[in-house]
Amino acid sequence: MDSTGTESSAGTGAEKDRAAVNLTKATPAPVPAPTTAEAPDIQFHDTFVIKKTLSLTAGEYVVSVARPDGSEGEPVAYAREKRLSLRGQVTVYTDASRKSVLAAFKGRDHEVGYMYDVRDASGQSFGSFHEDAGASFLRRTWQVRQPGTMKLTGREHSRVVAFVRFVWEFVPYLEYVPFIWPYRFKYTESGKTLMTVTKKLGLHTRYVLEILAPDIDRRLAIAHTLALDALEVD
């Protein structure tokens, strides 16, 4: 072949090589789909549904991400409360096998009564909460602390429902019956509502946790919501 033919053939081969390289760059490598064993990052969710079922010896809690219609979506946490043991200690797990710890809280004596420290799987504390005994006389009130971030005051929204709940606990034997009427806690800082917990109407215990501040640790919020139920009957 002459020189012109040789150059034409070489140019054609180079163009094919460049096209192959460009095609490789334009087609990214496929990303593996997440497996069912991988728990979603709960910090990216704002609304959760906490449902409790009862047995003779324990209360089982399932925490799910709320769907747009308010129904229960994907479960993200589980907890088990032994009804025949001392109260004040609950461990929250990432799945039903209860092998991986998401958070845990346990009460300790404090000048305000009982302080509940919330810890991660390694035992490191990342928050706490306690009931404000003085303010709780008329409306149950909690103080929730997230070090370096915020101090929330949670108070029952309705004075009437709070009074009925207060009386309910002093009626013989009735204090062991779940309070079926709905009630709501609002958590504020400097007058601004940053979180709410709403107990829904019904015979089954069901709460909706709504978080309105992105920097609230979801583990702390979930642990405290569980405590509202687990510590209801002292």
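Higher on the page you've got the structure.
Criteria and cut-off values
- Residues numbered from 1 in each chain as written.
- Predicted model: local features only at pLDDT ≥ 70, side-chain atom pairs only at ≥ 80, totals over all residues.
- Heavy atoms only, no water.
- Helix = DSSP H or I, 4+ residues; strand = E, 2+ residues; numbered from the N terminus.
- Buried < 20%, exposed > 50% of the residue type's maximum accessible area, 1.4 Å probe, protein only.
- Contact = heavy atoms within 4.5 Å.
- Pairing = 2+ DSSP bridges.
- Polar contact = N/O pair within 3.5 Å; in protein donor to acceptor, adjacent residues only side chain to side chain.
- Salt bridge = Lys/Arg side-chain N within 4 Å of Asp/Glu carboxyl O.

## So, the side chain of Thr 94
With respect to the helices, strands and loops of the structure, Thr 94 is situated in the loop between β4 (89–93) and β5 (101–110). Accessibility expressed as a relative area gives 19% for Thr 94, which makes it buried. Ignoring anything within four residues of it in the chain, the contact list for Thr 94 reads Val 76, Ala 77, Tyr 78, Ser 100, Val 101 and Leu 102.

## Remarks on the pairing of strand β2 (residues 58–66)
Among the nine residues that make up β2, seven are buried, leaving the element largely enclosed by the rest of the structure. Pairing of strand β1 (residues 47–54) with β2, which is carried by seven bridges, proceeds in the antiparallel orientation. The residue bridging Phe 48 from the neighbouring strand is Val 65, located in β2.

## A closer look at the environment of Gln 146
When you line up the elements, Gln 146 lands in strand β8 (residues 141–146). The spacing of Gln 146 and Phe 129 is 17 residues in sequence and 8.9 Å in space, taken between C-alpha atoms. What Gln 146 contacts, discounting residues up to four positions off in sequence, is Phe 126, Asp 215, Ile 216, Asp 217 and Leu 220. Within the structure, Gln 146 has its side chain in polar contact with the backbone nitrogen of Asp 217 (distance 2.9 Å).

## So, the pairing of strand β6 (residues 113–119)
Strand direction decides the pairing type here: β5 and β6, joined by seven bridges, are antiparallel. Of the residues in β6, the one forming a bridge with His 110 is Gly 113.

## What to know about the pattern of salt bridges
Under the counting rule described, the total for this entry stands at seven salt bridges. Linking Asp 229 and Lys 52 is a salt bridge whose minimum nitrogen-to-oxygen distance equals 2.7 Å. Separated by 177 residues along the polypeptide, Asp 229 in helix α3 (residues 218–230) and Lys 52 in strand β1 bring together distant segments of the chain. Judged by its relative accessible area of 11%, Asp 229 falls in the buried class. Taking the relative accessible area as the measure of exposure, Lys 52 reaches 13% and is therefore buried. Salt-bridge contacts for Arg 219 lead to Asp 217; the nearest nitrogen and oxygen are separated by 2.7 Å. Classification of Asp 217 by relative accessible area gives buried; the value is 13%.

## Some details on unusual backbone geometry
With phi around 60°, Arg 98 is a residue other than glycine that occupies positive phi space. Tracing the backbone shows Arg 98 in the loop between β4 and β5. Exposure remark for Arg 98: the relative accessible area of 37% places this residue in the partly exposed category. In this structure, Ser 190 is a non-glycine residue whose phi angle is positive, near 55°. Among the residues examined, Ser 190 registers a relative accessible area of 81% and is labelled exposed.

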